[in-house]
Amino acid sequence: MGSLQETRLPQFEFLTKKSYTPPSWAAHLSPTPSHLFSLGHFPTPIHKWNLPNLPKNTQVYVKRDDLSGMQLSGNKVRKLEFLMAEAVEEGADCIITIGGVQSNHCRATAVAAKYLNLDCFLILRTTTDLVHRDPGLDGNLLVERLAGARIELVSEEDYYRLGRDELINILKRKLLSEGRKPYVIPMGGSTSLATWGYIEAVREIQQQLKQGNVVGATFDDIVVACGSGCTGAGLALGSRLSHLGAQVHAYSSWGTPDYFYDYAQGLLDGLQAGLKARDILNIKDAKGLGYAINTREELIFLKEIAEETGIILDPVYSGKAAFQMMRDMADDPAKWEGRKVLFVHTGGLLSLYDNTDAVAPLVGNWRKMDICG
């Protein structure tokens, strides 16, 4: 990854601590991380995505951040490389984070923590009916529990009554009283430090463009799902500072665009970027019926895209972003005509396994083989 320098075991990069030097165009940002842990498989591929019914002369490419690992796949890996380095530097012996019961971020954090011999405590939001029950082993929960994460269930009512910060503080105080040294990662791993993960991703994209992955060596637009704001903020900041020049479109899976503009602004201010989120980032609502709730039309879209292109999208984040992007292209094709678009696939495949009942009626292409001639 360019100027990333290994500090030990030069023949083995994975799970090693590396010193970090930012791209020259981001060197003025502050604070600058000094190290990261190599947790992902980078660079992730970029390839042409032959989506149906695109506007005239529009080309869509996909950056496969869903291939950044297996248990640790998706956009969370780039953030955790920096966050885990800080946790280890501060002498933490455990990690606390929070999210929904099928949070991709919580699953990735549980695996990353165990890679680095840290315990992981996950505060997971569920319904009042289920908060007293074993949460099961569907989707992300299977990986988290196999990796030994300690699951702390909270009801939606308590989650919204107390708030994320207070819930984290309750658990943090308990662990401190037991002599533990917890490191807190907020929902989605979204901090100014973690934003460096996608600033670095822009440098990676630039290097891939130079290698000739895209005719014309440019992208006009970058499209990504927005679940906590950090990925979109990092891409937008990197695109502006590097002069990549791509307009970044972030499609939110919950909340409002105003909420995410404010959150992204906080991330930018935390890096002393001197830029306005609304000037460099276009955030649009793509939540539909609500967070992790899908219409039949959305599920049919996921099935058709997988069937026609081989790309599996998750129903919570990238699936909704791609669905809304295609709807926007259909509603205003002139806006997208002739443009080269990079869609950043942020992973989340495991959440599909929590939606098999809804998907099953759409994939009935089976029968008993006729072996009687």
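Before reading further, recall that the structure is shown in the block above.
Here we summarise the structure given alongside this text.

About the cut-offs
- Residues numbered from 1 in each chain as written.
- Predicted model: local features only at pLDDT ≥ 70, side-chain atom pairs only at ≥ 80, totals over all residues.
- Heavy atoms only, no water.
- Helix = DSSP H or I, 4+ residues; strand = E, 2+ residues; numbered from the N terminus.
- Buried < 20%, exposed > 50% of the residue type's maximum accessible area, 1.4 Å probe, protein only.
- Expected span 1.5 Å × (residues − 1).
- 1 Å grid on protein atoms, 1.4 Å probe; cavity = no way out; pocket = protein on both sides within 12 Å on 5 of 7 lines; lining within 4 Å.
- Points joined across faces, edges and corners; volume = space filled by probe spheres on them.
- Nonpolar A, V, L, I, M, F, W, Y, C, P; charged D, E, K, R; others polar.
- Axes fitted to C-alpha atoms, helices over the stretch in contact; angles between N-to-C directions.
- Parallel < 35°, antiparallel > 145°, perpendicular 65-115°, else oblique.
- Left-handed = near helix turned anticlockwise from the far one by under 90°.
- Contact = heavy atoms within 4.5 Å.
- Core = buried A, V, L, I, M, F, W, Y, C linked by side-chain atoms within 4.5 Å.
- Patch = residues over 30% accessible without salt bridge, like charges linked within 9 Å, V, L, I, M, F, W, Y side chains within 5 Å.
- Areas by Shrake-Rupley, 256 points an atom, 1.4 Å probe, with all protein chains shown as cover.
- Salt bridge = Lys/Arg side-chain N within 4 Å of Asp/Glu carboxyl O.

Thoughts on the environment of S19
Moving on, step 1. Mapped onto the secondary structure, S19 falls in strand β2 (residues 17-19).
Moving on, step 2. Under the relative-accessibility criterion, S19 is labelled partly exposed at 22%.

So, helix α11 (residues 318-331)
Moving on, step 1. Between the first and last C-alpha of α11 there are 20 Å, a value that for 14 residues agrees with the 20 Å anticipated at 1.5 Å per step.
Moving on, step 2. Burial of α11 is extensive: 11 of the 14 residues sit out of reach of the surface.

A word on empty space enclosed by the protein
Moving on, step 1. Under the counting rule described, the total for this entry stands at 2 cavities of 30 Å³ or more.
Moving on, step 2. Roughly 130 Å³ of volume is contained in the largest cavity.
Moving on, step 3. As for the largest cavity, its lining consists of 16 residues, and the residues nearest its centre are N75, K76, A225, G227 and T346.
Moving on, step 4. Going through the elements one at a time, α1 (76-89), β10 (221-226) and α7 (230-242) are the ones with two or more residues in the lining of the largest cavity.
Moving on, step 5. In terms of residue count, the dominant contributor to the lining of the largest cavity is α7 (3 residues).
Moving on, step 6. Counted by class, the lining of the largest cavity contains 4 nonpolar, 10 polar and 2 charged residues.

Some points on the layout of surface pockets
Over the atoms, a rolling probe the size of a water molecule traces out where space has been left empty.
Moving on, step 1. Of the pockets and cavities examined, the largest pocket occupies roughly 570 Å³.
Moving on, step 2. Along the walls of the largest pocket sit 22 residues, with V101, Q102, R125, T126 and D354 positioned nearest its centre.
Moving on, step 3. Elements with a minimum of two residues in the lining of the largest pocket: β7 (119-126) and α4 (156-162).
Moving on, step 4. Considering only residue class, the lining of the largest pocket consists of 9 nonpolar, 7 polar and 6 charged.

Quick word on the packing of α7 against helix α8 (residues 257-270)
Moving on, step 1. Where α7 contacts α8, the axes come no closer than 9 Å and their chain directions differ by 55°. By the angle between their directions, the pair α7 and α8 is classed as oblique. The hand of the α7/α8 crossing is right-handed. Residues C230, A233 and L237 of α7 touch α8, and the partners they reach there are A264, L267 and L268.
Moving on, step 2. By residue class, the composition of the contact of α7 with α8 is 6 nonpolar, no polar and no charged.

Concerning the nonpolar core
Moving on, step 1. One finds L80, M84, L235 and L237 to be the most contacted residues of the largest nonpolar core, which totals 73 residues.
Moving on, step 2. Of the residues forming this core, the biggest block, 8 residues, is contributed by helix α6 (residues 192-210).
Moving on, step 3. Setting aside its immediate chain neighbours within four residues, L237 contacts L29, I199, L268, L271, A273, L275 and I280.
Moving on, step 4. L51, L299, F301 and A322 belong to the second largest nonpolar core, which has 26 residues in total.

As for a nonpolar patch on the surface
Moving on, step 1. A cluster of nonpolar side chains, namely L137, L142 and L146, defines an oily patch on the protein surface of about 310 Å² accessible area.
Moving on, step 2. Mapped onto the elements, L137 comes out in the loop between β7 and α3 (140-146).

Concerning unusual backbone geometry
Moving on, step 1. S30 connects to P31 through a cis peptide bond whose omega is 0°.
Moving on, step 2. Here the amide bond leading from F42 into P43 is cis, since omega sits at 0°, within 30 degrees of zero.
Moving on, step 3. The phi dihedral of N53 falls on the positive side, at around 60°, and the residue is not glycine.
Moving on, step 4. Take N53: it is sitting in the loop between β4 (46-48) and β5 (59-64).
Moving on, step 5. Backbone geometry at N57 places phi at a positive 60°, although glycine is not the residue there.
Moving on, step 6. By the secondary structure assignment, N57 is in the loop between β4 and β5.
Moving on, step 7. The exposure class assigned to N57 is exposed, which follows from its relative accessible area of 56%.

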